[in-house]
Amino acid sequence: IKTKIKDIYCTDKDAPKESQNILCLECKMPGVKPSTVLYGRQLPDAFFEAKEKDLPEVDLLVVMGTSLTVGPANLVPLEVNGDCVRMVINREPVGEDLGIDYAGEAERDVFGKGDCDSVVLELVKELGWLDDLKKC
């Protein structure tokens, strides 16, 4: 994989100048999901349409596994209404420069520290949804 992905941070002198498709070892088809937006690419129109339609009514926004540094997706936490709870699940806190506040008495912003799978699984257990998840 390392030989196929462009180094956007310029830390790997051996990285290719441009990213290439990563092929499945079995079927030889490109393995990157078609809905994946790579760094520097335009988000699909559906993103902007859903953002405009859905964000005013959202009461919980869950942001997972991101640095919240690349726009326009990083601005989504700023575009929800003032009553919306914003939960960030990540290995380290992010978004403080965007106004996300994890301070001890913060009521709106919640930080779930850890890798996304582990934190979400813990939430599922706490909410009593584990049996439903196992059925999927």
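As shown above, the structure is provided for reference.
This one's a predicted model, so the numbers in the text were calculated from it and none came from an experiment. (Residues numbered from 1 in each chain as written. Predicted model: local features only at pLDDT ≥ 70, side-chain atom pairs only at ≥ 80, totals over all residues. Heavy atoms only, no water.)

**Quick look at the pairing of strand S2 (residues 85-90)**
Within S2, five of the six residues are buried, which leaves it mostly tucked inside the rest of the structure. Pairing geometry for S2 and strand S3 (residues 109-113), over five bridges, is parallel. Looking at the pairing, Arg 86 lines up with Asp 109 of S3. (Buried < 20%, exposed > 50% of the residue type's maximum accessible area, 1.4 Å probe, protein only. Helix = DSSP H or I, 4+ residues; strand = E, 2+ residues; numbered from the N terminus. Pairing = 2+ DSSP bridges.)

**Observations concerning the packing of aromatic side chains**
Per the counting criterion, the structure on display carries two aromatic pairs. With a centroid separation of 5.0 Å and 85 degrees between ring planes, the pair formed by Phe 47 and Phe 48 is classed as edge-to-face. Aromatic side chains Tyr 102 and Phe 111 sit 5.2 Å apart centroid to centroid with 55 degrees between the ring planes, which places their arrangement in the tilted category. (Phe/Tyr/Trp six-rings, centres within 6.5 Å; stacked < 30°, edge-to-face > 60°.)

**Some points on the sheet that holds S3**
In space, the three strands of this open sheet follow the order S1-S2-S3, with parallel pairing throughout. Only two strands of the sheet have a single partner each, and these edge strands are strand S1 (60-64) and S3. Averaged over all neighbouring strand pairs, the angle between strand axes comes to 15 degrees, with direction disregarded. In the packing of helix H3 (residues 116-126) onto the sheet, the strands contacted are S1, S2 and S3, and the crossing angle to S2 comes to about 130 degrees. (Axes fitted to C-alpha atoms, helices over the stretch in contact; angles between N-to-C directions. Contact = heavy atoms within 4.5 Å.)

**Examining the pattern of salt bridges**
Two side chains bearing opposite charge may form a pair once their charged atoms approach each other closely. Tallied over the entire structure, the rule returns five salt bridges. Across the pair Glu 79 and Lys 51 runs a salt bridge, and its minimum N-O distance is 3.0 Å. On the criterion of sequence distance, the pair formed by Glu 79 in helix H2 (residues 76-79) and Lys 51 in helix H1 (residues 45-54) is long-range, its members being 28 residues apart. For Glu 79, a relative accessible area of 35% corresponds to the partly exposed category. One salt bridge in this structure joins Asp 54 and Lys 53, with 3.6 Å as the shortest N-O distance. Classification of Lys 53 by relative accessible area gives exposed; the value is 63%. (Salt bridge = Lys/Arg side-chain N within 4 Å of Asp/Glu carboxyl O.)

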